[in-house]
Amino acid sequence: MSLPPRAVVVHRATELTELIARHGTRQQAGFFLSSRGRDLAELDARHQAQQEALATVSASIPLDWRRAVAERNDLDRFVFGPEDLVIAVGQDGLVANAAKYLDGQPVIGVNPEPGRNPGVLVPHEPAAVPDLLRSSTVEERTMVAASTDDGQTLLALNEVYVGHRSHQSARYRLASPEGLEERQSSSGLLVGTGTGSTGWCRSAWQERGSRLRLPLATERALCWFVREAWPSPATGTSCTEGLLSLEDRLTVTAEADLVVFGDGIESDTLTITWGQRLDITVAETRLRLMR
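Residues numbered from 1 in each chain as written. Predicted model: local features only at pLDDT ≥ 70, side-chain atom pairs only at ≥ 80, totals over all residues. Heavy atoms only, no water.

Visitor: I'd like a rundown of unusual backbone geometry, residues and numbers included.
Guide: The phi dihedral of His167 is positive, around 65°, even though this residue is not glycine. If you trace the backbone, His167 turns up in the loop between strand S7 (159-163) and strand S8 (170-175). Overall, the relative accessible area of 30% leaves His167 in the partly exposed class. The backbone phi angle of Asp263 is positive, close to 55°, even though this residue is not glycine. Mapped onto the elements, Asp263 comes out in the loop between strand S14 (258-262) and strand S15 (269-272). Judged by its relative accessible area of 9%, Asp263 falls in the buried class. (Helix = DSSP H or I, 4+ residues; strand = E, 2+ residues; numbered from the N terminus. Buried < 20%, exposed > 50% of the residue type's maximum accessible area, 1.4 Å probe, protein only.)

Take a look at the structure:
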């Protein structure tokens, strides 16, 4: 007998919740905000909007379905099942945070604050969830995979960062799909998807005035940029950006201790040491975003 579907509601603690946890009481949190020219009422309104969205979503889940709740900070410890349907209630980045732990489970992105969040990955109002639970319209978005030579792997929806833990100069050898190889010292390497091309990768692209064509969100391709490569007698700057197709790989060989993390979650990283190899490719897994 097969199990009924499980709806997993993913959310992030609101700024009000985090502030009260940090300062102990609501009154202390209010005093802290007022000393910085802010009002507790603003945080109250945003907290209330999220609570109302979560209540609407919860009421939309069929009674015969199983259900679970996962907070953003617990995602690296949460076990998703193959029959799960994920409902992310919050900012666009919350979908990216959850995506790296999924393996084809569909995701509904719910925007509790339409006037504040762009809604690229959370395009739906809470009231739309009942219809979406019955929908089969799915948009598949490309993800990026990083794999080490000792079997560690990491997925990301936006981008993978490779560099020094404290973002100081990172030393490594970079080998591109075109056969170029260069020893580099830089503040890190970014490899992003079309979805990530609206964020950190786009910032690098704009800053250097690159003519590289950034991939589309559903395109099976990646873009990559080396940040602030340093020219010296031992390190070069001639191989600092490019595109990866479905068959390509970008290879990094560490010449110092480096970390690898995805979508800005620095608490969930891979570590590579001197001489270890890291391959970055288009991931086989794709985010299935319900439309």
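Visitor: Explain helix H3 (residues 40-60) to me, and be specific about the residues and the numbers.
Guide: With 21 residues, H3 should reach 30 Å at 1.5 Å per residue; the first-to-last C-alpha distance of 30 Å fits that figure. When we look at burial in H3, the residues that qualify are Leu40, Leu43, Arg46, Gln50, Ala53, Leu54, Val57 and Ser60. Tucked inside the fold, the buried residues of H3 contact strand S1 (6-11), helix H1 (15-23), helix H2 (26-34), strand S3 (84-89), strand S4 (106-110) and helix H5 (129-133). With a side-chain oxygen lying 3.0 Å from the backbone nitrogen of Ala41, the N-terminal cap of H3 falls on Asp39. (Expected span 1.5 Å × (residues − 1). Contact = heavy atoms within 4.5 Å. Polar contact = N/O pair within 3.5 Å; in protein donor to acceptor, adjacent residues only side chain to side chain.)

Visitor: Residue-level account of the side chain of Thr142, with values.
Guide: By the element assignment, Thr142 lies in strand S5 (residues 138-148). At 2.7 Å, the side chain of Thr142 forms a polar contact with the backbone oxygen of Glu219. Dropping the residues within four chain positions of it, Thr142 is found in contact with Leu157, Thr193, Ala217, Thr218, Glu219, Arg220, Ala221, Leu222, Val282 and Arg286.

Visitor: Lay out the environment of Thr237 in plain terms, naming residues and giving numbers.
Guide: Note on placement: Thr237 falls in the loop between strand S11 (222-226) and strand S12 (241-244). Residue Thr237 is classed as partly exposed on the basis of its relative accessible area, which comes to 37%. When the C-alpha atoms of Thr237 and Gln184 are compared, they prove to be 7.0 Å apart, with 53 residues separating the residues in sequence. If we skip the residues at most four places from it in the chain, Thr237 touches Glu182, Ala229, Trp230 and Pro231.

Visitor: Before we move on, could you go through the packing of aromatic side chains and cite the residues and values that matter?
Guide: Under the definition given, this model contains 3 aromatic pairs. A ring pair is formed by Tyr161 and Phe261, whose centres lie 5.0 Å apart and whose planes are at 35°; its orientation type is tilted. On the criterion of sequence distance, the pair formed by Tyr161 in strand S7 and Phe261 in strand S14 is long-range, its members being 100 residues apart. Classification of Tyr161 as buried rests on a relative accessible area of 0%. Taken together, the ring pairs connect Tyr161, Trp200 and Phe261 into an aromatic cluster. (Phe/Tyr/Trp six-rings, centres within 6.5 Å; stacked < 30°, edge-to-face > 60°.)

None of the figures reported here should be taken as evidence of function without further support.
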